[in-house]
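The primary structure of each chain is shown beneath.
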Amino acid sequence: MDADFWHQRWQAGEIGFHRQEYNDHMMEFIDLLGLEPWDHILVPLCGKSRDMIWMRDHNYRVTGIEISPIAVADFFAEHDISYHVSDHAWGSRYTSDGITILCADFFDISSVDLPPIDGIYDRASLIALPSAMRADYVRHLATLMPDTARSLLITLEYPQNEMDGPPFSVNEKDVYQLYGDKFLIELLHSVDCLANEPRFQQRGLSKLEEHVFLLARIIS
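Reading the values: rules and limits
Residues numbered from 1 in each chain as written. Predicted model: local features only at pLDDT ≥ 70, side-chain atom pairs only at ≥ 80, totals over all residues. Heavy atoms only, no water. Helix = DSSP H or I, 4+ residues; strand = E, 2+ residues; numbered from the N terminus. Rg over C-alpha atoms; globule rule 2.2 N^0.38 Å. Contact = heavy atoms within 4.5 Å. Areas by Shrake-Rupley, 256 points an atom, 1.4 Å probe, with all protein chains shown as cover. Lys, Arg positive; Asp, Glu negative; His and termini not counted. Charge placed at Lys NZ, Arg CZ, Asp CG, Glu CD. Polar contact = N/O pair within 3.5 Å; in protein donor to acceptor, adjacent residues only side chain to side chain. Axes fitted to C-alpha atoms, helices over the stretch in contact; angles between N-to-C directions. Parallel < 35°, antiparallel > 145°, perpendicular 65-115°, else oblique. Left-handed = near helix turned anticlockwise from the far one by under 90°. Nonpolar A, V, L, I, M, F, W, Y, C, P; charged D, E, K, R; others polar. Phe/Tyr/Trp six-rings, centres within 6.5 Å; stacked < 30°, edge-to-face > 60°. Buried < 20%, exposed > 50% of the residue type's maximum accessible area, 1.4 Å probe, protein only.

*Asks:* Can you lay out the overall build of the chain for me, pointing to particular residues and giving the numbers?
*Replies:* Summing up its helical and strand segments, the chain has 7 helices and 9 strands in all. Taking 2.2 N^0.38 as the reference for a compact globule, 220 residues should give roughly 17 Å; the C-alpha atoms of the chain span a radius of gyration of 17 Å, in line with that estimate. Long-range contacts, defined as pairs at least 24 residues apart, comprise 69% of the intrachain contacts of the chain with a sequence gap of at least 6. Summing over all exposed atoms, the chain offers an accessible surface of approximately 10400 Å²; the carbon and sulfur share of this is 47%. Distance between charge centres in the chain, computed from 17 positive and 35 negative side chains, equals 2 Å.

*Asks:* Residues and numbers for the environment of S96, please.
*Replies:* Topologically, S96 is positioned in the loop between strand 4 (91–95) and strand 5 (99–103). Placed 34 residues apart in sequence, S96 and V62 show a C-alpha to C-alpha distance of 10.0 Å. Excluding anything up to four places from it in sequence, S96 contacts F76, I81, S82 and Y83. At 2.6 Å, the side chain of S96 forms a polar contact with the backbone oxygen of I99.

*Asks:* Break down the packing of helix 5 (residues 131–144) against helix 6 (residues 172–179) for me, with residues and values.
*Replies:* The contact between helix 5 and helix 6 brings their axes to 9 Å, and the two run at 50°. It follows that helix 5 is oblique to helix 6 by the angle criterion. At the point where helix 5 passes helix 6, the crossing takes the right-handed sense. Residues R134, A135, Y137 and V138 of helix 5 lie in contact with helix 6, whose contacting residues are D174, L178 and Y179. The class makeup of the residues in the contact of helix 5 with helix 6 is 5 nonpolar, no polar and 2 charged.

*Asks:* Talk me through the side chain of H211; I want residue IDs and the actual numbers.
*Replies:* For H211, the position within the fold is in strand 9 (residues 209–217). A polar side-chain atom of H211 sits 2.7 Å from a polar atom in the side chain of E157. Excluding residues that lie within four positions of it along the chain, H211 makes contacts with L153, I154, T155, E157, V170, L187, H189 and S190.

*Asks:* Quick one: what's the story with the packing of aromatic side chains, residue by residue and with numbers?
*Replies:* Under the counting rule described, the total for this entry stands at 7 aromatic pairs. Between F106 and F107 the ring centres are 5.3 Å apart and the planes differ by 80°, which places this aromatic pair in the edge-to-face class. On the basis of relative accessibility, which here comes to 5%, the residue F106 falls in the buried class. For F107, a relative accessible area of 31% translates into the label partly exposed. Measuring from ring centre to ring centre gives 5.4 Å for Y179 and F183, while their planes differ by 70°; the resulting arrangement is edge-to-face. Taken together, the aromatic side chains of F75, F76, Y83 and Y94 make up a single cluster linked through ring pairs.

Bear in mind that shape data such as this cannot, by itself, settle questions of function.
Here it is, written out as structure tokens:
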């Protein structure tokens, strides 16, 4: 799965992963990140997530990373937000009041391209990646966040043989295998959500669970 895959999905409007409503789990558990007003939250692979609006409106500074310029332009247009664009070797930085989006490949961004990170919100990043890419994603994410930052991670679990991703199935065991050597992991919540997801029912899923994790860096 390369950049062209995501560019084609956005060009074709195949963005069933996008949600018009704020994520309930984000609103319920974000306080566990231990953030203060005006702290900085990183949202990797952010798409045009409305959750970034909620965070800004609750006095957090937000930086998203998104590879599709269509997604970035749509985000600012749909919320009538003015912005400034600056070009960089890795892509473009869209800056507005409270929300910045780096239009770039996530793996091209380094810590010097970001303000200090106080927390991470991952609702659709890890599950957007096939299993072969996830370890590299976690390793790179760890290079972007300081030891004091925590991450709120939301995953989906379903029988992978019943549906092609993305989103891909990521279970609790997968999370411990990926993050266990660098993070303390706490499972905060699990819920059977298939009844509320008709599009996944239509794709033939017999089971769908959503898991919410809190991750904290292991300090050696």
